[in-house]
Amino acid sequence: MHRCTGAEHWVKSFEVVTCQACRFRLAWAESIIVYTGSFKLTYCVAAVLDEGICFVSDSRTNAGVDNVSSYSKMHTFGNPGGSQVILLSAGNLATTQAVIDVLERDMQQMATQNLLNTSSLADAADYIGQISLTQQEKTTGDGVDYEASFIVGGQLVGQEPAAYLVYPQGNHITSSRDTPYLQTGETKFGKPILDRIVTLESSLETSALCCLVSMDSTMRSNLSVAPPIDVLVYERDSFSAERRYRFDENSEYLRQLKLQWDVELKKAFSALPPISWSSNCLLYTSPSPRDRQKSRMPSSA
């Protein structure tokens, strides 16, 4: 039987696929969309380090099982040599686009409050949260999910680099020493590698690679997350967002990364010590029906 490694192809839309494993996963994804009306079709992550911040996001979005498109979910705001703010978006596309439009308009019109004149990135997160809530309220109804979430990070002049995760309810959290990264969208598949590798002391290059492996793990388990993959590496005090890369579905680097990670995982698994049936391992014996009956009887006074 053919077993897809996930490296042979990326599904660009919910269409007929010859691979049996991929057909099964697509059917599962379609069933969730049909019966719930929503599905997590994105993954964004930001690793906050002593050296700076690494941002990674996919570009898959959809308006139903037969209408899948690609939109960049990474947005940059800033002036050369000045404050730099990077925004990753997830959730309803109409809501996220409306929020971006408001942010850009406020900057163009030199509004009293805009992304680049806020006193801190925490205030910027509050500002984005309020705009998001306003846009959600405009379209709420008919049982459709218009929620959106954001990761906002970067560095304002005179301040330390930082990043915040803005929830659909408008509140936010930030990273910490114990958890030096933020995720939104389809987060569960890519979390284990981040927990094992990323620390505050990690280099930007190590964290960028780790975030790409995290993205690969998510794409492997959820076909609704897919290239192009955007990567932005922000170096502390550089006040530049120019180190930005995009890997499309035909990227040879992503293909090699996926294949090599697959091979090395299998090697590591094969090298694990076998379960040791030794004297320090107790043999569990299932209790007999009589013993189970006795355990349920009330004890005498």
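All of these numbers come straight from a predicted model, not from anything done at the bench. (Residues numbered from 1 in each chain as written. Predicted model: local features only at pLDDT ≥ 70, side-chain atom pairs only at ≥ 80, totals over all residues. Heavy atoms only, no water.)

(A) Spotlight on the sheet that holds strand β11 (residues 229-235). The strand order across the open sheet formed by 5 strands is β10-β1-β2-β11-β12, and the pairing between neighbours is antiparallel. Lying at the two open borders of the sheet, with one neighbouring strand each, are β10 (181-185) and β12 (244-247). Each strand of the sheet is rotated relative to its neighbour by a mean of 10°, with strand direction disregarded. As judged from the 6 bridges shared by strand β2 (residues 52-57) and β11, these two strands associate in the antiparallel manner. Looking at β11, one finds that Val56 is bridged to Val231. (Pairing = 2+ DSSP bridges. Helix = DSSP H or I, 4+ residues; strand = E, 2+ residues; numbered from the N terminus. Axes fitted to C-alpha atoms, helices over the stretch in contact; angles between N-to-C directions.)

(B) The arrangement of the packing of helix α5 (residues 204-221) against helix α6 (residues 252-270) in detail. The N-to-C vectors of α5 and α6 enclose an angle of 80°; their axes lie 10 Å apart at closest approach. Classified by the angle their axes make, α5 and α6 are roughly perpendicular. In this structure, α5 uses Leu209, Leu212, Val213, Asp216, Ser217 and Arg220 to contact α6, whose residues at the interface are Tyr253, Leu254, Leu257, Lys258, Trp261 and Asp262. The class makeup of the residues in the contact of α5 with α6 is 7 nonpolar, 1 polar and 4 charged. (Parallel < 35°, antiparallel > 145°, perpendicular 65-115°, else oblique. Contact = heavy atoms within 4.5 Å. Nonpolar A, V, L, I, M, F, W, Y, C, P; charged D, E, K, R; others polar.)

(C) Region of the structure containing the sheet that holds strand β9 (residues 172-174). Read from one edge of the open sheet, 5 strands run β5-β6-β7-β8-β9, paired in antiparallel fashion. Sheet topology places β5 (74-78) and β9 at the edges, where each strand pairs with a single neighbour. Strand-to-strand twist in this sheet, taken as the mean axis angle between neighbours without regard to direction, amounts to 20°. Here strand β6 (residues 84-91) pairs with strand β7 (residues 148-155) via 8 bridges, running antiparallel. Each bridged residue has a counterpart across the sheet, and for Ser89 the counterpart in β7 is Phe150. The sheet contacts of helix α3 (residues 121-139) involve β6, β7, β8 (162-166) and β9, and relative to β7 the element is tilted by about 155°.

(D) Representation of the nonpolar core within the structure. Membership of the largest hydrophobic core comes to 25 residues, with the highest contact counts inside it found for Val56, Leu194, Cys211, Leu212, Met215, Ile229 and Val231. Mapped onto this core, the elements with two or more residues apiece are β1 (43-48), β2, α4 (191-197), α5, β11 and α6. With 8 residues, the top contributor of residues to this core is α5. Met215 has contacts with Tyr43, Val56, Ser57, Asp58, Val225 and Ile229, leaving out every residue within four places of it along the chain. Grouped together as the second largest cluster of nonpolar side chains are 21 residues, Leu87, Ala124, Phe150 and Val152 included. (Core = buried A, V, L, I, M, F, W, Y, C linked by side-chain atoms within 4.5 Å. Buried < 20%, exposed > 50% of the residue type's maximum accessible area, 1.4 Å probe, protein only.)

Keep in mind these values describe shape, not function.
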